[in-house]
Amino acid sequence: MMQILFLALCGLLTHTRADPGARLRLGMDIMNQVQSAMDESHILEQMAAEAGKKPIKGITNVKVKDVQLPVITLNFIPGVGIFQCVSTGMTITGKSFMGGNMEIIVALNITATDRLLQDEETGLPVFKSEGCEIILISVKTNMPSNMLPKVVNKFLDSTLHKVLPSLMCPAIDAVLVYVNKKWATLNAPMPVGQMGTIKYVLTSMPTTTASSVQVDFSPTVQQQGGNTIQPANAGEAFEFPEGYAEGSSQLLLSATFLTAELALLQKSFDVNVHDMKIGQLPPQTTKTLAGFIPKVTKAYPKPKPLVTQIRINKPPKITMETGNSLLHLHGTLEMFAVRRRGKAPVSLFLLESHFNLKIQYSVRENRLQMVTSLNRLLSLSRESSSIGAFNEKKLTGFITDYLREAYVPVVNDALQVGFPLPDLLDMDYNLAELSIVENALVLNLKLN
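Residues numbered from 1 in each chain as written. Predicted model: local features only at pLDDT ≥ 70, side-chain atom pairs only at ≥ 80, totals over all residues. Heavy atoms only, no water.

(A) A look at the overall build of the chain. A count of helical and extended segments in the chain gives 10 helices and 21 strands. Put simply, the chain has 448 residues, and 49% of those count as buried. Expressed as a percentage of contacts within the chain between residues at least 6 apart in sequence, the contacts between residues at least 24 apart total 70%. When the accessible surface of the chain is totalled, it reaches about 21,600 Å², and 52% of it is carbon and sulfur. (Helix = DSSP H or I, 4+ residues; strand = E, 2+ residues; numbered from the N terminus. Buried < 20%, exposed > 50% of the residue type's maximum accessible area, 1.4 Å probe, protein only. Contact = heavy atoms within 4.5 Å. Areas by Shrake-Rupley, 256 points an atom, 1.4 Å probe, with all protein chains shown as cover.)

Laid out in structure tokens, this is it:
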């Protein structure tokens with residue numbers, strides 16, 4: 001059951017870099033979803049159906065019916081794992097050793113802890129429950145009242161205390177097997193469009209506290225060609241912020257990890273813009289450009305269309321501080337004058353630039369989405385010019401408007417691919433509440 005979570009995670013351990021790129025805190029709100037595992041798998045009903053095939057001394061034609069909907073209670077054991085208790089009830093019927101119809105109504109608890117083993121073939125975790133016990137809460141029977149109490153007690157002890165464990169404890173194992181299937185793709189590569197994959201791999205053994213299980217991931221970001229993108233640095237420290245309800249669940253994604261993901265899209269941020277009319281900008285011609293650089297008029301007395309080429313020449317970088325996240329882009333901006341009769345455009349100038357975009361985060365279809373808007377043009381320097389020297393600072397306003405109207409939509413279009421989130425227990429991330437803290441994005445997970 002819940003151990004499924006704690007133990008499954010342990011089985012995926014790997015020796016990778018020490019700093020986690022993502023951190024998951026699973027509280028009891030998410031853990032209690034194992035209730036649905038028992039409901040969906042109908043394990044107890046299946047156990048009841050099998051009961052009629054098992055001989056019980058003193059009863060023939062055994063049937064188990066009216067199995068109550070189980071109630072599962074989980075408790076974290078700090079430093080150990082999870083304790084689970086399944087409360088249920090049922091009616092056992094058949095013909096007694098006295099010849100009459102017999103009915104026993106039982107309410108009971110099934111308690112167990114789980115231990116993790118690793119499948120030698122797949123390397124994935126497998127679960128084996130241990131210490132399964134059946135605790136009888138109440139027993140009612142229609143056995144004749146004139147029977148001696150000792151006879152009744154001896155019979156119940158024989159039929160219940162000896163039979164119920166073999167009948168009900170397999171339900172614990174069966175539920176674990178059922179839930180294990182929901183972990184089968186935990187460490188499988190997940191695509192980011194056609195650019196590459198993200199693979200969530202455990203960094204270290206999950207730790208258990210009195211209120212949660214914490215899991216650290218060291219995600220692998222791999223390009224389509226197979227090259228792994230290494231984080232630019234070891235990553236800044238990040239921790240779960242305070243203020244969340246006890247027992248709630250959160251996922252933290254570090255700025256370092258998100259930066260590595262964006263490296264997959266770097267080539268998608270390169271663009272050649274040929275349009276003369278872009279949004280609210282003036283016509284993209286040499287005449288417009290001459291308003292900022294008079295030398296353009298001398299070189300091109302007659303207006304020529306402009307082509308703008310933007311190339312990102314350093315990996316994108318995401319920074320985060322409380323309430324604010326920026327995407328930093330370093331690259332070149334080169335403008336060309338278009339010539340007629342199929343002649344190649346002529347480069348007017350090449351500028352080195354550094355600008356940043358403000359990021360807004362959301363989740364759609366269980367993928368992290370980003371939308372950007374221009375925050376600030378930080379630097380602009382001239383690398384080359386065919387029209388002679390000029391003061392590139394005079395282009396600051398023109399380039400700022402150009403980036404806002406022409407370039408930011410290109411970035412946002414590339415970002416629509418979204419980034420996959422850890423595939424855990426059929427988690428629905430779409431309901432998560434997002435916030436930005438120092439060096440990390442927080443997804444406060446919510447149940448449907």
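The structure having been displayed, the exposition proceeds.
(B) Main features of the environment of Thr-111. Inspection of the secondary structure assignment puts Thr-111 in strand β5 (residues 101–118). A relative accessible area of 8% places Thr-111 in the buried class. Taking C-alpha positions, Thr-111 is 7.7 Å from Phe-83, a pair spaced 28 residues apart along the chain.

(C) The arrangement of the sheet that holds strand β8 (residues 196–199) in detail. The strand order β7-β8-β11 describes an open sheet built from 3 strands, whose pairing is antiparallel. Two strands close off the open sheet at either side, each with one partner strand: β7 (190–192) and β11 (220–223). Neighbouring strand axes in the sheet, compared pairwise and without regard to direction, differ in orientation by 30° on average. Here β7 runs beside β8; their pairing, made up of 3 bridges, is antiparallel. (Pairing = 2+ DSSP bridges. Axes fitted to C-alpha atoms, helices over the stretch in contact; angles between N-to-C directions.)

(D) Examining the side chain of Ser-254 more closely. Locating Ser-254 in the fold gives a position in strand β12 (residues 249–254). You can call Ser-254 buried: its relative accessible area is 3%. Once residues within four sequence positions are removed from consideration, Ser-254 is found in contact with Pro-20, Gly-21, Phe-238, Asn-439 and Ala-440.

(E) Representation of the state of the cysteines within the structure. Throughout the structure, instances matching the rule amount to 1 disulfide. A disulfide bridge connects Cys-132 with Cys-169, and the sulfur atoms are separated by 2.0 Å. Taking the torsion about the S-S bond as the criterion, the Cys-132 to Cys-169 disulfide, at about -90°, is left-handed. Of this pair, Cys-132 sits in strand β6 (residues 125–141) while Cys-169 sits in helix α6 (residues 164–180), and the two are 37 residues apart along the sequence. Owing to a relative accessible area of 13%, Cys-169 belongs among the buried residues under this scheme. (Disulfide = S-S within 2.5 Å.)

(F) Spatial organisation of helix α10 (residues 396–415). The largest bend in α10 comes to about 40°, at Tyr-407, with the proline Pro-409 one to four residues further on. Within α10, burial applies to Phe-398, Ile-399, Thr-400, Tyr-402, Leu-403, Ala-406, Tyr-407, Val-408, Val-411, Asn-412, Ala-414 and Leu-415. (Bend = angle between axes of the 7 residues up to and from the residue.)

(G) Spatial organisation of unusual backbone geometry. Positive phi, normally seen in glycine, also occurs at Asp-66, with a value near 50°. Looking at the element boundaries, Asp-66 is found in the loop between β2 (59–65) and β3 (71–77).

(H) Spatial organisation of a positive patch on the surface. A cluster of basic residues, Lys-302, Arg-339, Arg-340, Arg-341 and Lys-343, forms a positive patch at the surface. Here Arg-340 falls in the exposed class, since its relative accessible area comes to 68%. (Patch = residues over 30% accessible without salt bridge, like charges linked within 9 Å, V, L, I, M, F, W, Y side chains within 5 Å. Salt bridge = Lys/Arg side-chain N within 4 Å of Asp/Glu carboxyl O. Lys, Arg positive; Asp, Glu negative; His and termini not counted. Charge placed at Lys NZ, Arg CZ, Asp CG, Glu CD.)

(I) Representation of the pairing of strand β4 (residues 81–96) within the structure. Of all 16 residues in β4, 13 are buried, a share of seventy percent or more. Relative to β4, β2 is paired through 5 bridges, and the arrangement is antiparallel. Bridge pairing in β4 links Lys-65 to Thr-91. Relative to β4, β3 runs antiparallel, the two being bridged by 7 bridges.

(J) Representation of the packing of aromatic side chains within the structure. In this structure the tally under the stated criterion is 5 aromatic pairs. One aromatic cluster is present, built from ring pairs that chain together Tyr-200, Phe-217 and Phe-257. Sitting above the plane of the Phe-240 ring, Arg-25 keeps its charged end 4.3 Å from the centroid. If you follow Arg-382 out to its NZ or CZ, it ends over the ring of Phe-390, 5.1 Å from the centre. (Phe/Tyr/Trp six-rings, centres within 6.5 Å; stacked < 30°, edge-to-face > 60°. Lys NZ or Arg CZ within 6 Å of the ring centre and 35° of its normal.)

(K) Quick look at the environment of Gly-226. Residue position: Gly-226 is located in the loop between β11 and β12. Exposure remark for Gly-226: the relative accessible area of 37% places this residue in the partly exposed category. Along the backbone, Gly-226 and Thr-197 are 29 residues apart, and their C-alpha atoms lie at a distance of 9.2 Å.

(L) Representation of the sheet that holds strand β21 (residues 440–445). Strands sit in the order β9-β10-β1-β12-β21-β20 across an open sheet of 6 strands; the sheet is antiparallel. Two strands lie at the open edges of the sheet, namely β9 (207–208) and β20 (433–437), each paired on one side alone. Across 6 bridges, the pairing between β12 and β21 is antiparallel. When the sheet's bridge partners are listed, Ser-254 is paired in β21 with Ala-440.

(M) Expanded view of the pairing of β20. Judged from the 5 bridges that link them, β20 and β21 form a sheet pairing that is antiparallel. Bridge pairing in β21 links Ile-436 to Leu-441. Hairpin connection between β20 and β21: a loop of 2 residues separates the two successive antiparallel strands, and Asn-439 in this loop has a positive phi of roughly 70°.

(N) Geometry of the pattern of salt bridges. The full count for this structure, using the stated rule, is 4 salt bridges. Arg-23 serves as the salt-bridge partner of Asp-216, at 2.7 Å between the closest nitrogen and oxygen. Residue Asp-216 is located in strand β10 (residues 212–217), and its partner Arg-23 is located in strand β1 (residues 22–27); the two are separated by 193 residues in the primary sequence. Taking relative accessible area as the criterion, Asp-216 reaches 13% and is therefore assigned buried. A relative accessible area of 9% places Arg-23 in the buried class. Between Glu-392 and Arg-382 there is a salt bridge, with the nearest N and O atoms lying 3.5 Å from each other. Of the two residues, Glu-392 sits in the loop between β18 (367–385) and α10 while Arg-382 sits in strand β18, which places them 10 residues apart along the sequence. For Glu-392, a relative accessible area of 14% gives the class buried.

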